[in-house]
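Now for the letters of each chain:
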Amino acid sequence: MVVPFQSYKVELVPAVKLTSGQFWICITKDGGSYKTFDPDAELEKLRASDQRSNGNTRALIRMMKVWQAYCSVPLKSFHIELLAVNFLGQWANYDKSTVYYDWMVRDFFSYIKDKDWTYLYAPGTSESMLLDGSWKSRAESAHARAVKACENEAGGYNYLAGEEWQKIFGTDIPMGV
């Protein structure tokens, strides 16, 4: 069942709680099947990353979901969340203040633009999920624009930087960029 909201849709699926605390959910495509889902492990991974990164995990995810919507990026929201956690787990400035958001966005795009045709793994179940290449050109374009925006900021050309950020996020530029 799909529940339509004003700006997005949510698919509701039946779930059976397993003795492990995980859930068994129905997959309706390709004749139907079941898979194991562990929302507690997923939330804990996100919470731990956000705590370690001084709140930057959730901030980065929000920014990337604005990019996803504005540029019609065919990348699942859950994949964006996992990519953000993985990126911040290895980024040198992972816990810096909002002053670093421009670099964080730029470096995140650099990180993901080469992640097409690679796998992500779901917390708790280790389900492998292939990232196809349908979104790669949008990530490359966003990275090039973010590089220009950062260069313009460094040169004191804030108006030009703002124009580049708007090409990534639209006029709903997330706080800090």
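For the structure itself, consult the block above.
Attention in this report is confined to the structure presented alongside it.

Conventions used here
Residues numbered from 1 in each chain as written. Predicted model: local features only at pLDDT ≥ 70, side-chain atom pairs only at ≥ 80, totals over all residues. Heavy atoms only, no water. Helix = DSSP H or I, 4+ residues; strand = E, 2+ residues; numbered from the N terminus. Buried < 20%, exposed > 50% of the residue type's maximum accessible area, 1.4 Å probe, protein only. Contact = heavy atoms within 4.5 Å. Areas by Shrake-Rupley, 256 points an atom, 1.4 Å probe, with all protein chains shown as cover. Lys, Arg positive; Asp, Glu negative; His and termini not counted. Charge placed at Lys NZ, Arg CZ, Asp CG, Glu CD. Pairing = 2+ DSSP bridges. Axes fitted to C-alpha atoms, helices over the stretch in contact; angles between N-to-C directions. Core = buried A, V, L, I, M, F, W, Y, C linked by side-chain atoms within 4.5 Å. Phe/Tyr/Trp six-rings, centres within 6.5 Å; stacked < 30°, edge-to-face > 60°. Lys NZ or Arg CZ within 6 Å of the ring centre and 35° of its normal. Salt bridge = Lys/Arg side-chain N within 4 Å of Asp/Glu carboxyl O. Parallel < 35°, antiparallel > 145°, perpendicular 65-115°, else oblique. Left-handed = near helix turned anticlockwise from the far one by under 90°. Nonpolar A, V, L, I, M, F, W, Y, C, P; charged D, E, K, R; others polar.

### Thoughts on the overall build of the chain
Working step 1: Counting secondary structure elements, the chain contains six helices and seven strands.
Working step 2: Along the chain direction, N to C, the helices and strands of the chain fall in the order β-β-β-β-β-α-α-α-α-β-β-α-α.
Working step 3: With the C-alpha coordinates of the chain rotated into their principal frame, the extents come out at 60 × 30 × 30 Å.
Working step 4: In the chain, which comprises 177 residues, the proportion classed as buried is 35%.
Working step 5: The contacts of the chain with a sequence gap of at least 6 include a subset with a gap of at least 24, amounting to 50%.
Working step 6: As displayed, the chain offers around 10,400 Å² of accessible surface, 53% of which is attributable to carbon and sulfur atoms.
Working step 7: Here the chain contributes 20 positive and 21 negative side-chain charges, whose respective centroids are spaced 1 Å apart.

### As for the sheet that holds strand 3 (residues 15-17)
Working step 1: As summarised here, the arrangement of the three strands in space is 3-4-5, forming an open sheet in which the pairing is antiparallel. The sheet is open, and its two borders are formed by strand 3 and strand 5 (33-37), each paired with just one other strand. Taking each pair of neighbouring strands and ignoring which way they run, the sheet shows an average axis angle of 25 degrees.
Working step 2: When strand 4 (residues 23-27) meets strand 5, the two strands line up antiparallel, connected through five bridges. Bridge pairing in strand 5 places F23 opposite F37.

### Overview of the nonpolar core
Working step 1: If you look at the biggest cluster of nonpolar residues, it comprises 37 residues, and the most contacted ones within it are M64, W67, F109 and I112.
Working step 2: Counting residues per element, the ones that place at least two in this core are helix 2 (56-70), helix 3 (77-90), helix 4 (101-112), strand 7 (128-131), helix 5 (136-154) and helix 6 (158-169).
Working step 3: Setting aside anything within four residues of it in sequence, one finds M64 in contact with I80, V105, F108, F109 and F169.

### What about the packing of aromatic side chains?
Working step 1: Taken as a whole and assessed by the stated rule, the structure comprises eight aromatic pairs.
Working step 2: When the ring of W165 is compared with that of F169, the centres are 6.2 Å apart and the planes differ by 25 degrees; the resulting orientation is stacked. Here the residue W165 and the residue F169 both occupy positions in helix 6, the gap between them amounting to four residues, near one helical turn.
Working step 3: For W165, a relative accessible area of 2% translates into the label buried.
Working step 4: Put simply, the rings of W67, F87, W91, F108, F109 and Y111 pair up and form one aromatic cluster.
Working step 5: Directly above the ring of Y94 sits R52, whose terminal nitrogen or CZ lies 3.6 Å from the centroid.

### Section: the pattern of salt bridges
Working step 1: Applying the stated rule across the entire model yields eleven salt bridges.
Working step 2: A salt bridge links D50 to R58; the shortest N-O distance between them is 3.3 Å.
Working step 3: In this structure, K136 engages D114 in a salt bridge whose closest nitrogen and oxygen atoms are separated by 3.6 Å. You can see K136 sitting in helix 5 and its partner D114 sitting in the loop between helix 4 and strand 6 (118-121), a full 22 residues away along the chain.
Working step 4: Salt bridges sharing common partners tie together K113, D114, D116, K136 and E140.

### Re the packing of helix 2 against helix 4
Working step 1: Between helix 2 and helix 4, the shortest axis-to-axis distance is 11 Å and the interhelical angle comes to 65 degrees. Considered as vectors, helix 2 and helix 4 are oriented roughly perpendicular to each other. Considering how the two elements wind past one another, helix 2 and helix 4 form a crossing that is right-handed. For the pair helix 2 and helix 4, contact is made by N56, A59, L60, M63, M64 and W67 and by Y101, M104, V105, F108, F109 and I112, respectively.
Working step 2: Among the residues forming the contact of helix 2 with helix 4, the class breakdown is eleven nonpolar, one polar and no charged.

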